[in-house]
Amino acid sequence: MQGLKAELLRGCWYLAMPAASLKRHATVAKTLLGEPLLFGRGDDGKVFAIRNTCPHRGIPLQYGRFDGETIMCTYHGWRFDRTGTCVEIPSLREGQTADLSKIRCGNWRCVEQQGLIWVYFPRGDEEPSGDEAEPPRMPIFGDDVGPKLTITLPFPCSTDHAAFGLMDPTHAAYVHTSWWFKRQATKLRPKEKKFEPADYGWRMVRHQIPPQNLAYRILGREVSTEITYRLPGLRIEEIRGNKHSVVGLTAITPVSDEATEVWQMFWATPAWIGALKPLLRKLMTIFLDQDRVVVVRQRDGLATSPKLMLINDADTQARWWMHLKDEWVNAGKEGRAFVNPVKARTLRWKS
Ligand code: FES
Ligand SMILES: [Fe+2]
């Protein structure tokens, strides 16, 4: 079990931000996986990410000026292109030479897809390949369709504890209580769900949502859901009715080994859902904040390095998460293909 810190996975795509957060001719500085990144969008609309540190004296490049093509450092005016390579040192005089192509800040592969910006953190110098050549894709919706609504909150916890919260089937009755939702944990009901391995993770097999669940009626009749969990911290829920579909994504992106950004968003086919945005944003933020408050409190306990437990069956998914991570790290070290350790199983609990 993990304490305050988590081992951060490399060789993966991480969700950096919604595409709408990065305007043309602008940059956004962010620390991800403990590294300082400067994201930018050129005048041609293409996104990029370079190290937010000038290789001359180390000042963050975010303080410089971006002209839509190159970034000029605020200190001595060195200029860097979108690959982080130096293209100009203004102080050089005729006859003074420097191989500018060797002066580099470093950059990350960055892709815009389905209204999101993804960034690839390699293990070494390797390029993403195979199934991982491109960022994960949400089902149903096309590459140019963005989420209807996106929220994010900073969680002061490791990705492991954020991930455990994501896949924890029994906390809702205690944590997600509100006068308009569930006032307090009352009667817990027995639950039984089938799980099977899926790409880089596992899936709760598609099942019908009981018709008495009124909120889902807007999608039509015979509404069913399937939830996929995968490395490096994505929960993708695909809800289909005979009229409409919704895809929900929760993504956790490590800021450092003990701080995490949690993103929640959804894509939806009904056009009129836009009208509900203010209300939905409010409700989603209340729910996510309830999870955040728990990890803030948990942090005080974890600071004393207690021995922790994972129990059957309620914490089986948390155990799978740790097994997946271990296998990912080991496969990388040994230079072999990742073998999914999850086996199909039915899990039972009360919640
Ligand atoms: S520190 Fe950036 S140009 Fe000198
Ligand atoms: Fe929760």
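By the naming in an unreviewed UniProt entry, the chain goes by Phenylpropionate dioxygenase, large terminal subunit and is assigned to Bauldia litoralis.

The next subject is the domain arrangement of the chain. Size of an interface: often given as the accessible area lost when the parts come together. On domain assignment, one finds that the chain holds domain 1 (12-132) and domain 2 (137-350). Each of domain 1 and domain 2 has a C-alpha centre, and the two are 32 Å apart. Facing 20 residues of domain 1, the contacting portion of domain 2 comprises 26 residues. Across the domain 1 to domain 2 interface the summed buried area is about 1,900 Å²; carbon plus sulfur atoms make up 61%. When residues of domain 1 are sorted by the area they lose upon contact with domain 2, L15, Q114 and R123 head the list and together hold 35% of the total. At the boundary of domain 1 with domain 2, the tally comes to 2 salt bridges. For E132, the salt bridge is made with R230, and the minimal N-O distance between the two is 3.3 Å. Counting only elements with at least two residues in the side of domain 1 that touches domain 2, the list comes to β1 (12-18), β2 (26-32) and β10 (116-121). Here the side of domain 1 that touches domain 2 takes 7 residues from β1, the largest share from any one element.

Once that is clear, we can look at the coordination of the iron ion (ligand 2). Here the iron ion (ligand 2) is held by the protein donor atoms H171 (NE2), H176 (NE2), D291 (OD) and D291 (OD), which lie 2.1 to 2.6 Å from it. Using a relative accessible area of 18% as the deciding quantity, one classes H171 as buried.

Turning our eyes to something else, we now look at the packing of helix α1 (residues 159-166) against helix α4 (residues 316-334). For the pair α1 and α4, interaxial distance at closest approach is 9 Å and the crossing angle is 140°. By the criterion of interaxial angle, the relationship of α1 to α4 is oblique. Crossing geometry of α1 relative to α4 is assigned as right-handed. Where α1 approaches α4, its residues T159, D160, A163 and F164 are matched on the opposing element by A318, W321, M322 and K325. For the contact of α1 with α4, the per-class residue count stands at 5 nonpolar, 1 polar and 2 charged.

This part takes up the side chain of E261. The topology assignment puts E261 in strand β17 (residues 259-268). A polar atom in the side chain of E261 sits 3.1 Å from the side chain of W263. Setting aside residues up to four positions removed in sequence, E261 forms contacts with A16, K30, L32, L153, A251, I252, T253 and V255.

This next bit is on the packing of aromatic side chains. Applying the stated criterion across every chain yields a total of 10 aromatic pairs. The interplanar angle of 55° and the centroid separation of 5.2 Å between the aromatic rings of W13 and Y120 together place this pair among those described as tilted. Of this pair, W13 sits in strand β1 while Y120 sits in strand β10; the two residues are 107 residues apart in sequence, bridging distant segments of the chain. Assessed through its relative accessible area of 2%, W13 is described here as buried. The exposure class of Y120 is buried, given its relative accessible area of 4%. An aromatic cluster is built from F195, W202, Y229 and W320, whose rings are joined through pairwise contacts.

Moving on to the nonpolar core. Counting residues in hydrophobic clusters, the biggest one holds 74 residues, and the most contacted among them are F39, I117, V119, W202 and L249. Counting residues per element, this core draws most heavily on α4, at 7 residues. Lining this core are residues from two domains, each supplying at least three of them: domain 1 (12-132) and domain 2 (137-350).

Time to look at the state of the cysteines. As used in these notes, a disulfide is a covalent bond between sulfur atoms, one from each of two cysteines. Using the criterion set out here, one finds 0 disulfides in the structure. Take C157: it sits in no disulfide, and the sulfur closest to it among the cysteines is that of C12, at 18 Å.

The subject of this paragraph is the UniProt feature "domain: Rieske" (unreviewed entry) in the chain. Residues annotated in UniProt with the feature "domain: Rieske" (unreviewed entry) correspond here to residues 13-119. Within residues 13-119, the helical portion is 0% and the strand portion 42%, while the C-alpha atoms at the span's ends are 5 Å from each other.

A word on the sheet that holds strand β3 (residues 35-41). Within the open sheet, the 6 strands sit side by side as β1-β10-β9-β4-β3-β2. Their pairing is antiparallel. Edge strands, defined here as strands with exactly one partner in the open sheet, are β1 and β2. The average undirected angle you get between the axes of adjacent strands in this sheet is 30°. Here 5 bridges tie strand β9 (residues 107-113) to β10, and the two strands are oriented antiparallel to one another. Across the sheet, R109 pairs through a bridge with Y120, a residue of β10.

Here we come to the sheet that holds strand β6 (residues 71-72). Pairing within the open sheet is antiparallel, and its 4 strands lie in the order β5-β6-β7-β8. Two strands in the sheet have a free side with no partner beyond their single neighbour: β5 (65-66) and β8 (86-88). Bridge count between strand β7 (residues 79-80) and β8: 2 bridges; the pairing is antiparallel. Residue pairing across strands places F80 opposite C86, the latter belonging to β8.

Each turn of an α-helix holds 3.6 residues, which means side chains three or four residues apart point in the same direction. If you check helix α3 (residues 277-302), its first and last C-alpha atoms are 37 Å apart, about what 26 residues at 1.5 Å a residue would give, namely 38 Å. Within the sequence span of α3, burial applies to M284, L288, Q290, D291, V295 and L302. Structurally, α3 contributes buried residues whose contacts are with β11 (149-155), α1, α2 (172-175) and β17.

Calculation notes
Residues numbered from 1 in each chain as written. Chains lettered and ligands numbered in written order. Predicted model: local features only at pLDDT ≥ 70, side-chain atom pairs only at ≥ 80, totals over all residues. Heavy atoms only, no water. Domains from an automatic or database assignment. Contact = heavy atoms within 4.5 Å. Buried area = accessible area lost by both parts, 1.4 Å probe. Salt bridge = Lys/Arg side-chain N within 4 Å of Asp/Glu carboxyl O. Helix = DSSP H or I, 4+ residues; strand = E, 2+ residues; numbered from the N terminus. Donors = N, O, S within 2.8 Å, 3.2 Å for Na, K, Ca; no water. Buried < 20%, exposed > 50% of the residue type's maximum accessible area, 1.4 Å probe, protein only. Axes fitted to C-alpha atoms, helices over the stretch in contact; angles between N-to-C directions. Parallel < 35°, antiparallel > 145°, perpendicular 65-115°, else oblique. Left-handed = near helix turned anticlockwise from the far one by under 90°. Nonpolar A, V, L, I, M, F, W, Y, C, P; charged D, E, K, R; others polar. Polar contact = N/O pair within 3.5 Å; in protein donor to acceptor, adjacent residues only side chain to side chain. Phe/Tyr/Trp six-rings, centres within 6.5 Å; stacked < 30°, edge-to-face > 60°. Core = buried A, V, L, I, M, F, W, Y, C linked by side-chain atoms within 4.5 Å. Disulfide = S-S within 2.5 Å. UniProt positions renumbered as here; feature names shortened; annotations may be inferred. Pairing = 2+ DSSP bridges. Expected span 1.5 Å × (residues − 1).

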